[in-house]
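A look at the structure
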Amino acid sequence: MTDTLTIRRPDDYHLHLRDGAILAAVTKGSLDFGRAIIMPNLVPPVVDAAMVRAYRARIMDAVSLTPGASFEPLMTLYLTDDTTPATIDAAAEVCTAAKLYPAHATTNSASGVNDIDALTPVLERMAERGMVLCIHGEVTDHSVDIFDREAVFLERVLAPIRSRVPGLKIVLEHVSTRAAVAFVKEAPNMAATITAHHLVIDRNDLLAGGIRPHNYCLPIVKRREDREALVAAATGDDDRFFFGSDSAPHTDMKKLGCCGAAGCFTAPVAMGILAHLFENKGRLGTLEAFASTRGAAFYGLAPHDDTITLVKGDPVALEPIATPDGPITLFNPGFPITWRVENSPALDGR
Ligand code: NCD
Ligand code: ZN
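In short, a report on the structure.

1. Quick notes on the pattern of salt bridges
Following the criterion strictly, the structure yields 15 salt bridges and no others. The salt bridge partner of arginine 156 is aspartate 141, with a shortest N-O separation of 3.2 Å. Taken together, the residues span a long stretch of sequence, with arginine 156 in helix 5 (residues 149-164) and aspartate 141 in the loop between strand 6 (132-135) and helix 5 at a distance of 15 residues. On the accessibility criterion, aspartate 141 (29% relative accessible area) is partly exposed. The salt bridge involving aspartate 237 is made with arginine 283; its shortest N-O contact spans 3.0 Å. Of this pair, aspartate 237 sits in the loop between helix 9 (224-235) and strand 9 (241-243) while arginine 283 sits in the loop between helix 11 (267-280) and helix 12 (287-299), and the two are 46 residues apart along the sequence.

Listed below in structure tokens is the structure:
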């Protein structure tokens, strides 16, 4: 029986570190990873080069609280209706990617883009500069059922963007449907991130036998057959599917109210959950490709030379993390997490 696994240090190609009082505790939870694409949906959003630089500096201050930690935030620019090609030129020096939130699609996306057609000159400039476009792929048309918003987005919004700006490198973020997996497989210049939680829960884990607010995220978890398509893509051999946790912490106060916030806090346990899943599928040998090398290759980055070792043992304790704003509950996949990253600052002795 395998009980240790050493792989190149993983990266997280979609992460929310937040800001303010919870930034330090949340950042510590991601220190298993060498780099992460940092989401810009703060309040207010990170919309220009100066804001990106300032946010990056706050993250590096948080990283420096853990002795010996080395973590590189790969910054992103939040696109709005007011973003211009000149905004892209100024941000290109400090940003790896820009993020497209259709306005009102998810948490803190009110300043996102209303008129995606009008963004074409911005997307063309990104293509010229080789800047990646990260997309939250859900329509915001409330006449579309919440379980269909990703699938409708593919034909209604994503296909036209691709044909208008064919040279643009696009990452469809946190894919949640069989339809999205099929779309990405057919599309050149595209990749997709897959979260740990979309690989291990479906809508039954959200809604059957009682509502579980900590399993509520956007895109909402779908049917079992959608989850199975995601598992096949993550554990399969297509290089365009790689790991992005979409770890999105909210305090329990915000998750458990009568209008609970969307987002699962997975980063500290993500590698353990992935190891459990890949082992069960007989695909542990592919975990390094999914978590450590495919994303770097798509983004044109060198893979890390250093490694992490995952070890199997007693289950990780899932008590909430304490922050100055109150506790934040860790995602519970519904099975004991027996794999852990050795000496992980993120697990902090759990
Ligand atoms: C994210 C958040 O809370 O910022 N929430 C989520 O459910 N994933 C936003 C997002 O990525 O959609
Ligand atoms: Zn996200």
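2. Points about the packing of helix 11 against helix 12
When two helices pack together, their arrangement is given by the angle between their axes and by how far apart the axes lie. Axis separation between helix 11 and helix 12 bottoms out at 9 Å; the angle between their running directions is 145 degrees. Across the interface between the two elements, Met271, Leu274, Ala275 and Phe278 from helix 11 touch Leu287, Phe290 and Ala291 from helix 12. A class-by-class count of the residues in the contact of helix 11 with helix 12 yields seven nonpolar, no polar and no charged.

3. Quick look at unusual backbone geometry
Omega for the bond connecting valine 43 with proline 44 falls within 30 degrees of zero, at -5 degrees, which places this linkage in the cis form. Positive phi, normally seen in glycine, also occurs at arginine 18, with a value near 65 degrees. Mapped onto the secondary structure, arginine 18 falls in the loop between strand 2 (12-15) and helix 1 (23-28). The exposure class of arginine 18 is buried, given its relative accessible area of 11%. With a phi close to 75 degrees, histidine 104 is a non-glycine residue in the positive phi region.

About the cut-offs
Residues numbered from 1 in each chain as written. Chains lettered and ligands numbered in written order. Predicted model: local features only at pLDDT ≥ 70, side-chain atom pairs only at ≥ 80, totals over all residues. Heavy atoms only, no water. Salt bridge = Lys/Arg side-chain N within 4 Å of Asp/Glu carboxyl O. Helix = DSSP H or I, 4+ residues; strand = E, 2+ residues; numbered from the N terminus. Buried < 20%, exposed > 50% of the residue type's maximum accessible area, 1.4 Å probe, protein only. Axes fitted to C-alpha atoms, helices over the stretch in contact; angles between N-to-C directions. Contact = heavy atoms within 4.5 Å. Nonpolar A, V, L, I, M, F, W, Y, C, P; charged D, E, K, R; others polar.

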